[in-house]
Amino acid sequence: MREFTKSLFSFSWALSMFGVQQTANLLSPDKAAKAFDSVTEATQKQFGEAIKATFNAGDALQRGTIDLTLAPFTGEVLNPSRWMRTATDLLKQSTEAVMKGAQGATSAVSQAASGVMPQQGSGTAPGTGSTGWGPMPS
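Rules of the game
Residues numbered from 1 in each chain as written. Predicted model: local features only at pLDDT ≥ 70, side-chain atom pairs only at ≥ 80, totals over all residues. Heavy atoms only, no water. Salt bridge = Lys/Arg side-chain N within 4 Å of Asp/Glu carboxyl O. Helix = DSSP H or I, 4+ residues; strand = E, 2+ residues; numbered from the N terminus. Buried < 20%, exposed > 50% of the residue type's maximum accessible area, 1.4 Å probe, protein only. Expected span 1.5 Å × (residues − 1). Bend = angle between axes of the 7 residues up to and from the residue. Axes fitted to C-alpha atoms, helices over the stretch in contact; angles between N-to-C directions. Parallel < 35°, antiparallel > 145°, perpendicular 65-115°, else oblique. Contact = heavy atoms within 4.5 Å. Nonpolar A, V, L, I, M, F, W, Y, C, P; charged D, E, K, R; others polar. Phe/Tyr/Trp six-rings, centres within 6.5 Å; stacked < 30°, edge-to-face > 60°.

Novice: Hey, could you go over the pattern of salt bridges for me, with residue numbers and the actual values?
Specialist: Within the structure shown, the criterion is met by three salt bridges. With a closest N to O distance of 3.6 Å, glutamate 3 and lysine 6 form a salt bridge. Of this pair, glutamate 3 and lysine 6 both sit in helix H1 (residues 2-24), three residues apart, which is roughly one turn of that helix. Given a relative accessible area of 45%, lysine 6 falls into the partly exposed group. A salt bridge links arginine 63 to aspartate 59; its shortest N-O distance comes to 3.1 Å. Of the two residues, arginine 63 and aspartate 59 both sit in helix H3 (residues 49-74), four residues apart, roughly one turn of that helix. Residue arginine 63 is classed as partly exposed on the basis of its relative accessible area of 49%.

Novice: Tell me about H3, and please be specific about residues and values.
Specialist: Because an α-helix packs 3.6 residues into every turn, residues spaced three or four apart end up facing the same way. For H3, spanning 26 residues, the distance from its first C-alpha to its last is 36 Å, which sits close to the expected 38 Å at 1.5 Å a residue. Its axis deflected by about 30° at leucine 68, H3 carries its strongest bend there, up to four residues before the proline proline 72. All of the buried residues along H3 are Ala53, Ala57, Ala60, Gly64 and Ala71. Looking one or two residues beyond H3, the residue adopting positive phi is glycine 75, at roughly 85°.

Novice: With reference to specific residues and values, describe the packing of helix H2 (residues 29-44) against H3.
Specialist: Where H2 contacts H3, the two axes come as close as 11 Å, and the packing angle between them is 155°. It follows that H2 is roughly antiparallel to H3 by the angle criterion. Each of Asp37, Thr40 and Gln44 in H2 lies in contact with H3, whose residues at this interface are Lys52, Phe55, Asn56 and Arg63. When grouped by side-chain class, the residues that make up the contact of H2 with H3 number one nonpolar, three polar and three charged.

Novice: Can you break down the packing of aromatic side chains residue by residue, with the values?
Specialist: Counted by the stated rule, this structure contains two aromatic pairs. Centroid distance phenylalanine 18 to phenylalanine 36: 5.4 Å. Interplanar angle 85°. Geometry classified as edge-to-face. Residue phenylalanine 18 is found in helix H1, and its partner phenylalanine 36 is found in helix H2; the two are separated by 18 residues along the sequence. Looking at phenylalanine 36, the relative accessible area reads 43%, which means it is partly exposed. Ring centres of phenylalanine 47 and phenylalanine 55 lie 5.7 Å apart, and the angle between their planes is 50°; this geometry places the pair in the tilted category.

Below, the structure written as structure tokens:
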């Protein structure tokens, strides 16, 4: 418990210092983007399959939304093939990620249920020879 508490406080402190560093990096957007990408990558390595798939779906949605939102400012608004490609990519990535997330969640629920379900014959009360909560009252 002590190591967990130390890790929790170190993590909180590191996030605070990361925020300070990223504020200083506002003058250098490329450096800031690289730092955010590094933290994102390290965080993703801690995800299980279901969370990773959910993250990928949300990330694809966010990135696609940003691309569509900023397109008028980059001249891409006049390029219809770019719009179609972005929409198609966004739909494809989101669908794949949701499917993987659903498969991962189904698998996790199945594993959890199989670990919780009592095995047949294991419900015998010690010393009574009966199953369940004990002998039925007469």
